[in-house]
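In case you want the letters, here they are:
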Amino acid sequence: MAGVSALPAKILLSKRVQEMVLNDEEPQKPYISRNDGTNEAIPRPPSDLIPIIDLSLLSSSEPCSAQELQRLRSALCSWGCFQATGHGIPKSFLDKIRQVARDFFEQPMEEKKRHAKGVEEFEGYGADPVPAEGQSLDWSDRLFLNVYPEDRRKHKFWPENPKSFREVLEEYTSRMQIFTELVSKAMAKSLNLEADCFLNQFGKQATLKARFNYYSPCQRPDLVLGLRAHADGSGYTIILQDDVEGLQVFKDERWFTVPAISDALLVLMGDQMEIMTNGVFKSPVHRVLTTSEKERISVAVFYAPEPNKEIGPEEGLINEERKQIYKKVKEYSVVHWEHYQQGKRAIHVAKV
Ligand SMILES: O=C(O)CCC(=O)C(=O)O
Ligand SMILES: [Fe+2]
């Protein structure tokens, strides 16, 4: 294509995608990653939609609670994700998060760069560290922050503007702690396990990391991805979308677009929940498309076991019919990252 050059990823990453778009630059070679032809979302039969689970039904003793738990289990066994409603976080607050995220990214570049990360670092404003040679880059800008435990926060990366950013993120963190407790217990109950079993594996100092994603419009959505196909290395991930769709989940050899539902949070299993459930729950491959019309914003919160904690398959999920397929692992996110950098999945390293 015209204007394609082969600037090294390191140089490209020192410049934000949003800057390239403002300068009307075409995507350069490392950003070109799609080879699956069409940009069309495949029409889906009504029965084949990402399940929506009403969490408010799960804590009651009504029969509908057992039914909803069963739907939760079935969603995580087949899709590895579900859209959570009835979670108790008001839509007005979810809108606030979306708004501070938008306000942050819409600021002038100099303001955002006050919180810039180094090209090789994780935390702060920028893009992922430089991937292995030959790997593509994502058409996105990010603000990545450790939010829990509190002593892991690096305040120099926390925006001062918009003014309410910190307060809103602190509240979201507290709400995410309540949310993860609720979801971890419900997942255990759905598998007939002791309610606290996953919480015990994650540990009291389980980490929460927030990634604010800004996907600029792209002139070549047919060639460029907002985020390349991957599975998460977390325990599980909670994703808040705005009204622009783009996230897709891979299932049955097809990509399915995750519908934008304004009051829902997408709960998506990471590899560590697949390990803890001995492969019963699936950690799905997912990706983000770009669109030429409008920017897209999302906020992903990664919930992972506390550092140095060994995790492994729940005993109750190992039996004669279902042999142990995963080993105990420690610091899985490190191995996951090394593979991710090379465009590979890591979960095989945890196989027995
Ligand atoms: O932007 C999204 O909707 C998904 C983000 C995601 O998959 C990730 O950050 O790992
Ligand atoms: Fe992801």
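Definitions and cut-offs
Residues numbered from 1 in each chain as written. Chains lettered and ligands numbered in written order. Predicted model: local features only at pLDDT ≥ 70, side-chain atom pairs only at ≥ 80, totals over all residues. Heavy atoms only, no water. Buried < 20%, exposed > 50% of the residue type's maximum accessible area, 1.4 Å probe, protein only. Helix = DSSP H or I, 4+ residues; strand = E, 2+ residues; numbered from the N terminus. Pairing = 2+ DSSP bridges. Donors = N, O, S within 2.8 Å, 3.2 Å for Na, K, Ca; no water. UniProt positions renumbered as here; feature names shortened; annotations may be inferred. Contact = heavy atoms within 4.5 Å.

Colleague: Quick one: what's the story with the pairing of strand β10 (residues 265-269), residue by residue and with numbers?
Modeller: Summarising burial for β10: five of the five residues are buried, a large majority. Every second residue of β10 is oriented toward a common face, with Leu265, Val267 and Met269 on one face and Leu266 and Leu268 on the other, all of them buried. Where strand β2 (residues 81-85) meets β10, four bridges bridge the pair, whose relative direction is antiparallel. By the bridge assignment, Ala84 is partnered in β10 with Leu265. Strand direction decides the pairing type here: strand β7 (residues 236-241) and β10, joined by four bridges, are antiparallel. Within β10, the position partnered with Ile239 by the bridge is Leu266.

Colleague: Explain the coordination of the iron ion (ligand 2) to me, and be specific about the residues and the numbers.
Modeller: Distances from the iron ion (ligand 2) to its protein donors, His230 (NE2), Asp232 (OD) and His286 (NE2), fall at 2.1 to 2.2 Å. On the primary sequence, the residues serving as donors to the iron ion (ligand 2) are separated as H-x1-D-x53-H. Classification of His230 as buried rests on a relative accessible area of 9%. The class for Asp232 is buried, based on a relative accessible area of 5%.

Colleague: Got a sec to walk through the UniProt feature "domain: Fe2OG dioxygenase" (unreviewed entry) in the protein chain? Specific residues and values, please.
Modeller: As annotated in UniProt, the feature "domain: Fe2OG dioxygenase" (unreviewed entry) corresponds to residues 206-305 in the numbering used here. As annotated, residues 206-305 has a helix share of 6% and a strand share of 48%, and its two end C-alpha atoms lie 5 Å apart.

Colleague: Please give an account of the side chain of Gln201 that cites residues and values.
Modeller: Relative to the elements of secondary structure, Gln201 occurs in helix α7 (residues 197-202). If near-sequence neighbours (up to four positions away) are discounted, Gln201 is found in contact with Met276, Pro305, Lys309, Glu310, Ile311, Gly312 and Glu314.

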